[in-house]
Amino acid sequence: MRYQRDMRGYGQNPPDPKWPGGAHVAVQFVVNYEEGGENCILHGDAASEAFLSEIVGAAPWAGMRHWNMESIYEYGARAGFWRLHRMFTEAEVPVTVYGVATALARSPDQVAAMQEAGWEIASHGLRWIDYRDHKMEDERRDLEEAILLHAEVTGERPKGLYLGRTSINSVRLAAAEGGFDYVSDTYDDELPYWLDHDGHGGAISPQLIIPYTLDANDMRFATPQGFNSGDQFFAYLKDSFDTLYEEGKAGRPRMMNIGLHCRLVGRPGRAAALKRFVDYVKVHDKVWLARRIDIARHWREHHPYQARALRPSRMSREDFVEKFGGVFEHSPWVAERAFKLELGPAHDSAGGLHNALCRVFRSATKTERLGVLKAHPDLAGKLAAAKRLTAESTKEQASAGLDALTDAEHELFSKLNSAYVTTFGFPFIIAVKGKTKDEILAAFETRIGNDRAAEFATACKEVERIALLRLADILPD
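Structural notes, computed from the coordinates. (Residues numbered from 1 in each chain as written. Predicted model: local features only at pLDDT ≥ 70, side-chain atom pairs only at ≥ 80, totals over all residues. Heavy atoms only, no water.)

## Concerning the overall build of the protein
Here's step 1: Of regular secondary structure, the protein possesses 17 helices and nine strands.
Here's step 2: Relative to the 2.2 N^0.38 estimate, which gives 23 Å for 477 residues, the radius of gyration of the protein is 30 Å and therefore markedly larger than a compact globule would have.
Here's step 3: Along the longest, intermediate and shortest principal axes, the C-alpha atoms of the protein span 90 × 50 × 40 Å.
Here's step 4: The buried share among the 477 residues of the protein stands at 51%.
Here's step 5: Intrachain contacts of the protein at a sequence separation of at least 6 include 73% that bridge at least 24 residues.
Here's step 6: With an accessible surface of roughly 22,300 Å², the protein has 51% of that area assigned to carbon and sulfur atoms.
Here's step 7: Separation between the mean location of the 59 positive side-chain charges and that of the 68 negative ones in the protein comes to 4 Å. (Helix = DSSP H or I, 4+ residues; strand = E, 2+ residues; numbered from the N terminus. Rg over C-alpha atoms; globule rule 2.2 N^0.38 Å. Buried < 20%, exposed > 50% of the residue type's maximum accessible area, 1.4 Å probe, protein only. Contact = heavy atoms within 4.5 Å. Areas by Shrake-Rupley, 256 points an atom, 1.4 Å probe, with all protein chains shown as cover. Lys, Arg positive; Asp, Glu negative; His and termini not counted. Charge placed at Lys NZ, Arg CZ, Asp CG, Glu CD.)

## A word on the nonpolar core
Here's step 1: The biggest cluster of nonpolar side chains holds 47 residues, and the ones touching the most others in it are Phe320, Phe324, Phe328 and Leu357.
Here's step 2: Those elements that place two or more of their residues in this core are helix 9 (317-324), helix 10 (332-339), helix 11 (350-363), helix 12 (366-375), helix 15 (407-424), helix 16 (437-447) and helix 17 (452-474).
Here's step 3: Non-local contacts of phenylalanine 320, meaning those with residues more than four positions away in its chain, are made with Pro312, Met315, Gly325, Ala335, Ala338, Phe339, Leu343 and Leu353.
Here's step 4: In terms of nonpolar packing, the next biggest core, distinct from the first, is built from 46 residues, Val95, Val97, Val111 and Met256 among them. (Core = buried A, V, L, I, M, F, W, Y, C linked by side-chain atoms within 4.5 Å.)

## Remarks on the pairing of strand 2 (residues 95-99)
Here's step 1: Of all five residues that make up strand 2, five are buried, and the element is covered over most of its length.
Here's step 2: The pairing of strand 1 (residues 25-33) with strand 2 spans five bridges and is classified as parallel. Paired with phenylalanine 29 across the bridge in strand 2 is valine 95.
Here's step 3: Here strand 2 pairs with strand 3 (residues 120-123) via four bridges, running parallel. Pairing of threonine 96 across the sheet is with glutamate 120, part of strand 3. (Pairing = 2+ DSSP bridges.)

## Description of the environment of arginine 172
Here's step 1: Examined against the element boundaries, arginine 172 turns out to sit in helix 5 (residues 170-177).
Here's step 2: Taking the C-alpha atoms as reference points, arginine 172 and lysine 238, separated by 66 residues in sequence, lie 34 Å from one another.

## Observations concerning the side chain of arginine 292
Here's step 1: Structurally, the position occupied by arginine 292 is in helix 8 (residues 292-302).
Here's step 2: Here arginine 292 sits buried without a salt bridge, and the closest side chain of opposite charge, glutamate 120, lies 6.4 Å off (N-O distance).
Here's step 3: Here the side chain of arginine 292 touches proline 211 through a polar contact of 2.8 Å, landing on its backbone oxygen.
Here's step 4: Excluding residues that lie within four positions of it along the chain, arginine 292 makes contacts with Gln28, Val30, Thr96, Tyr98, Glu120, Tyr182, Ser184, Ile210, Pro211, Tyr212 and Asn257. (Salt bridge = Lys/Arg side-chain N within 4 Å of Asp/Glu carboxyl O. Polar contact = N/O pair within 3.5 Å; in protein donor to acceptor, adjacent residues only side chain to side chain.)

## Some points on the side chain of arginine 447
Here's step 1: Topologically, arginine 447 is positioned in helix 16.
Here's step 2: With near-sequence residues (within four places) excluded, arginine 447 lies in contact with Tyr420, Phe424, Phe428, Ile429, Ile430, Glu455, Thr458, Ala459 and Glu462.

This is the structure we're talking about:
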């Protein structure tokens, strides 16, 4: 049982993106150019468009043109685009365009203006349609056609892709195509990352992902319970920026994406709010205003793909048990059962795999857990003297100096070990890493006074701590 979704990502300690100039935040504006690529029977579609317009709650008109919908999209091309173009060029703010290939082909003047301004034109697919029900081969064919048409219209193939209305296959198809420096069809992080398809991509090379956003996005002007006014839009963008800026200042730089549509924020009352935000961002230092292709190139230079040496969720049963069968002392059955759990990317770290192994240990019978306790050696006992400890136990006991006891210390440990086993029926167990001999002895003398139930529970907790320390030596966090 393997779970493909990654619920961990970078975890608690994401990498420093090392933005140029030590920027606290990278801010990236996207202009979605979809006008002329939306659903329309003139484009060979079965019905009119119903998505992201002033007509909230619009429904597709099967087999019919929707004059109002078409004219709303046309406003984006005829007026909204030019308002955004003036705003960003006058402010000298770089922009990435998500361009629907058929829309770009129907707007040569706008394409020329994008290129003259130095905007990046990434691919937004062949048409602005929903691919959720498409067969994989049909979607692949549209992607290939989008790339060809994009190159014809702009003079070069797109290096970035955001399809938007995706299927479950879209990102994998884009990665398999092999020509995209980045793909943005995720919303799952605030930093770029490398996706290698969780072992299900075959020969597909790792793909750089630059996540996008649907919250700092003017699309919420066209959705229920979205933005009603420019003030709401500005306030949300400002709060998002302020939070990210302060986090970056404190040592955790991130990326802020702002998604825009010519027919939406291109309207005067909304454009004013966008301009206020652009002006607000520009008065801050330590901000990197970038195109997405610039972010992709930066990430490739400073954070190239590095394959992880070990990924437990992708290992064979034999390799998994061989590698982790000794984490719980002489108890490979813990690893054997853990292998059968629903493992995924979240379990490919020391903490994640520890949780899976502990689930097995905690759900085992009391007799089985007692067997794990009994498998542990005495501290500085006969096995240690005979050099018959496991490699892990040898290293752990040596780290606390238990391999170099004085005669008096050795005698004391022997007496305590004997009394403890007589009382509880299993050896004294403690995670010794980082502890001194005095601290270990103090714990020994304290715990020997516990009742058996309390000490059994304490010993089990210590077994789990030992397992985590062992895993930390094997797996990166």
